[in-house]
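# Results of the structural survey
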Amino acid sequence: MAFELKLPDIGEGVVEGEIVRWLVKEGDRVEQDQPLVEIMTDKATVEIPSQYGGKVIRCFGAEGEIVEVGSTLVVIETDEPVEEEKIEPPAAPLPAPAEAPRQGPAAAVLATPAVRKLARELGVNLPDIKGSGPAGRITPEDVQRAAAAPAGGGAVETIPYRGLRKKIGTHLAAAKRAAPHFTYVEEADVTELVRRREELAGSQPPTEVRLTYLPFIIKAVVEGLKKYPLLNAALDEEKAVIEVRKYYNIGIATATPEGLIVPVIKEADRKSILELAREINELTSATREGRVKVEDLRGGTFTITSLGPLGGLLATPILNYPEVAILGVHKISKRAVVREGEIVVRDMVNLSLSLDHRVVDGVVGAEFLRHLISLLETPAPFFKEMGQKS
Amino acid sequence: MTARRVEVLVIGAGPGGYAAAIRLGRLGKKVTLVDKEFVGGVCLNAGCIPSKALITAAKTFEKMRQAGSMGIHAESVSVDLERMQEWKQGIVERLSRGIRQLCKHAGVELILGHASFAGERKLKIASRDGEETLEAENVLIATGSRAGEIPGFSFDGKLIISSTEALELKRVPSQMVVIGGGYIGMELGMMYSKLGARVTLVEMLDQLLPGFPEDIVQVITRRLKKQGIDYHVSARARGWEKCGEGVRVQVETPQGELSLPAELVLLTVGRRPNLQGLQLEKTGLAVDERGFLPVNSRLQTQVPGIYAIGDAVGNPMLAHKSSKEAEVAAEVIAGKRSELDYAAIPAVVFTDPEIATVGLSEKEAAERGFEVLIGRFPFAASGRAMTTLETEGFVKIVADKSTRRVLGVHIVGPEASDLISEGALALEMGAHLEDIAHTIHPHPTLSESLMEAAQQALGEAVHVMNS
């Protein structure tokens, strides 16, 4: 009688497996329980045994092929009829007859019938739980907490994963899944930029807008994007096109208690340093205070994430999908560097640039960053511009 | 011929079988319920229900004759056993109809026929419409039990009868010997005594109601004496012979041989599981040395897909144990995570006064290593009991001295059968003495006695002396 062996349900959540190695071939004789094939799931590699002895008639699937749970792997011509007509005493005796109730009148565990039922349904072992109810009774909450905790875990604080946090999380996960990220890190000598900015900031009346490095970085980025337009693009896989944007909307990643939110400065190429500075302040304050408008969160083409006071040497920022590039700016700090054979102290900053490798290759990314850094290292044109438009 | 396929076949429509069938139907399974005799099993037709009906009637008769102290004069009170049987039968029929209705609503197919195995999941059903073969995905054996016999005594339906015939008598016997002083013999013996029969009880072990605590049984034996019921313990019935219209029973006692005259002999020596006739060997299953079919706490036998519950799987042979197992088995068959998980099964005896116990007795608790704390309240101190003329008996609560956790509740006295559920709940909830003692029980009731007994254990009692 021909018997079809299907890929069984190997474990929780496993829907398919990869055929690693066939242990038998068509025409082979097999015994009952003899392993036929090795299957790899994302949990483990298992051997699938034959339920019957007989001859292998057909094997389905090549090594390396992915097969679904429930699909036929092997067809075996069995020795004996598949339906067992012989009456034998059953193989495995089952434990404990109904006469021994599990609880008993003085069970060590204090739990009411309702709680015991809940524990049964959730697969929780009551003796493992410390009851928080009166006289040490196990409450329904105790059971639910134990069910949620990892095996062998202790006390746990459960924070709901929902709302903005969940939204951000889902967005980040999608970005990572869709785009193969790579990060390129370089350092920039911004001593000149620092000097000039301090000069300017010192000469400004206090009521004037707070001027950080960000407006300069934005300006440099826009110039860089004009020269390397591929970094100002988005990949539409469905339409199979790379959409290169001819407008420059720079997102400024802003930290809020709920998570990182990215307000967007529209048409950054058309704004002056001071206008940028003003808009940065407005948008980031509004974002932190939860007042930011929806349209200010949309339409970005490139994102800058400033790691500010925390510093760090290097980061691997996650793309603000579907943008193909994101620039991480670390802390500006004084470092000892070698210039013309001498050790000098310069204001240095690290820049971490993450890119979607489907659209941007390493060389292009590196060249963009090089160009960006050269602009920051010789900031004269920015200040000239500022001088013209204050 | 291809056999008809059914999802679940339940063999036996007693309190276990029909409960499982209805529960399964409500859980979405298609059930076929087979019984060879009637719907409701022994419980409904020849046990629990009929016996309680007759016992209540007999007690009412007795109460009316004793009501003179209340100022009620019932001059000519008499018993018409035939009419009583009709009334009882009416109740049985009403309940039986009810079960059929419930089965119908749950989509359960009812077959009156005899089921036997032809293979692991193949069964032959022989009914008056012929024979049918069914293939069942799941089988639930709930075939119950039948009255047991002892050497020298076989049922003939007339002179040597079981509880089944005893509940169908149309005439109160003038004299009867009851062999077997367990709860069935005691209930029926006391009942017929109230109806006018001269009853003698014969028990093989050294106390009536073996297994029940001595102090509880003492209350009953005091009443037996008052009612003029003779009894012999450590007594073995050896045989019988016809004597005129009736019989004489030979009984061996420590004091010597007795020859007891009687119109008939009621044999209540225990019940045996009904598993022969099922052809279990076709499935590979076998019964254990006591005749029960072994199952685990999910009511599964050693053959996947075959389940068993009730009297067929073990003691205690009680309808509510069966119903509980039916519930769990139904859930397991329906794929839910269910298991037998109870703190205790209450046991009730409808003697007069009634007995009801749940959990550990004083002796059992001590055997398990507990240092016990006892609370006791006699019904003689209960105002309510006095107003019902039933002041014999007591409530006893057994607790663990160190934690004051309730281990057992034992009641002998009026309405014990209805008072015990508080004890069962206390055990399931893991209650401590304080939980019962500090719950307000209404006054004036019999249930207050449980509160008082708990208080007595704690030294807080008002209406009795604290220990």
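Here the structure is shown first, and the text comes after it.
One structure accompanies this document, and this report is about it. (Residues numbered from 1 in each chain as written. Chains lettered and ligands numbered in written order. Predicted model: local features only at pLDDT ≥ 70, side-chain atom pairs only at ≥ 80, totals over all residues. Heavy atoms only, no water.)

This paragraph deals with the overall build of chain A. Counting secondary structure elements, chain A contains eight helices and 18 strands. Looking at chain A residue by residue over its 390 residues, the buried ones come to 41%. Put simply, 62% of the contacts in chain A that link residues at least 6 apart link residues at least 24 apart. Just so you have it, chain A exposes about 22,000 Å², and 53% of that area is on carbon and sulfur atoms. (Helix = DSSP H or I, 4+ residues; strand = E, 2+ residues; numbered from the N terminus. Buried < 20%, exposed > 50% of the residue type's maximum accessible area, 1.4 Å probe, protein only. Contact = heavy atoms within 4.5 Å. Areas by Shrake-Rupley, 256 points an atom, 1.4 Å probe, with all protein chains shown as cover.)

Between A:Tyr321 and A:Pro322 the backbone carries a cis peptide bond, its omega angle lying at 10°. Looking at the element boundaries, A:Pro322 is found in the loop between strand S15 (302-306) and strand S16 (325-329). Backbone torsion omega between B:His443 and B:Pro444 reads 0°, so that peptide bond is classified as cis. Here the phi dihedral of B:Gln279 falls at roughly 60°; this positive angle occurs in a residue that is not glycine. Tracing the chain through its elements places B:Gln279 in the loop between strand S15 (271-273) and strand S16 (306-308).

The next point concerns the pattern of salt bridges. Applying the stated rule across the entire model yields 50 salt bridges over all chains. Close ionic contact of A:Lys117 with A:Glu121 constitutes a salt bridge, the shortest N to O distance being 3.9 Å. In this pair, A:Lys117 and A:Glu121 are both assigned in helix H1 (residues 113-122), four residues apart and thus about one turn of the helix distant. Looking at A:Lys117, the relative accessible area reads 40%, which means it is partly exposed. The network of salt bridges with shared partners includes B:Lys59, B:Glu62, B:Lys63, B:Lys194, B:Arg223, B:Lys226, B:Asp352, B:Glu390 and B:Glu392. (Salt bridge = Lys/Arg side-chain N within 4 Å of Asp/Glu carboxyl O.)

Residues and elements named next belong to chain A. Pairing geometry for strand S10 (residues 233-236) and strand S11 (residues 241-244), over four bridges, is antiparallel. Counterpart to Asp236 in the pairing with S11 is Val241. Here S10 hands over to S11 after four residues, with Ala240 in that stretch at a positive phi of 55°. (Pairing = 2+ DSSP bridges.)

Our next topic: a nonpolar patch on the surface. Residue and element names in this part refer to chain B. The grouping of Met70, Ile72 and Leu389 at the surface amounts to a nonpolar patch, some 280 Å² of accessible area in total. If you trace the backbone, Leu389 turns up in the loop between helix H10 (383-387) and strand S20 (394-400). Of the residues examined, Leu389 reaches a relative accessible area of 43% and is grouped as partly exposed. (Patch = residues over 30% accessible without salt bridge, like charges linked within 9 Å, V, L, I, M, F, W, Y side chains within 5 Å.)

Our next topic: the packing of helix H3 (residues 48-66) of chain B against helix H4 (residues 81-105) of chain B. Residue and element names in this part refer to chain B. Where H3 meets H4, the closest approach of the two axes is 10 Å, and the angle between their N-to-C directions is 140°. Between H3 and H4 the crossing geometry is right-handed. Counted together, Ile49, Pro50, Ala53, Leu54 and Ala57 of H3 and Met84, Gln85, Trp87, Lys88, Ile91, Val92 and Leu95 of H4 form the full contact between these two elements. Per-class residue counts for the contact of H3 with H4 are 10 nonpolar, one polar and one charged. (Axes fitted to C-alpha atoms, helices over the stretch in contact; angles between N-to-C directions. Left-handed = near helix turned anticlockwise from the far one by under 90°. Nonpolar A, V, L, I, M, F, W, Y, C, P; charged D, E, K, R; others polar.)

This brings us to helix H8 (residues 319-333) of chain B. An α-helix turns once per 3.6 residues; consequently, residues spaced three or four apart project the same way. All names here are of chain B. Helix length check: H8, at 15 residues, gives a terminal C-alpha distance of 21 Å against a target of 21 Å (1.5 Å per residue), a fit within 8%. Next to the buried residues of H8 lie strand S1 (4-11), helix H1 (17-26), strand S5 (130-141) and S16. The first or second residue beyond H8 is Gly335, which carries a positive phi of 90°. (Expected span 1.5 Å × (residues − 1).)

As a further point, take empty space enclosed by the protein. All names here are of chain B. Evaluation of the coordinates by the stated rule reveals one cavity of 30 Å³ or more. Quantified by volume, the largest cavity comes out at close to 30 Å³. Around the largest cavity, the lining residues are Ile55, Ala58, Glu187, Met190, Met191, Lys194, Phe350, Thr351 and Asp352. Secondary structure elements with two or more residues in the lining of the largest cavity: H3 and helix H6 (183-194). Among the elements that line the lining of the largest cavity, the one with the most residues is H6, at four residues. Looking at the lining of the largest cavity, its residues break down into five nonpolar, one polar and three charged. (1 Å grid on protein atoms, 1.4 Å probe; cavity = no way out; pocket = protein on both sides within 12 Å on 5 of 7 lines; lining within 4 Å. Points joined across faces, edges and corners; volume = space filled by probe spheres on them.)

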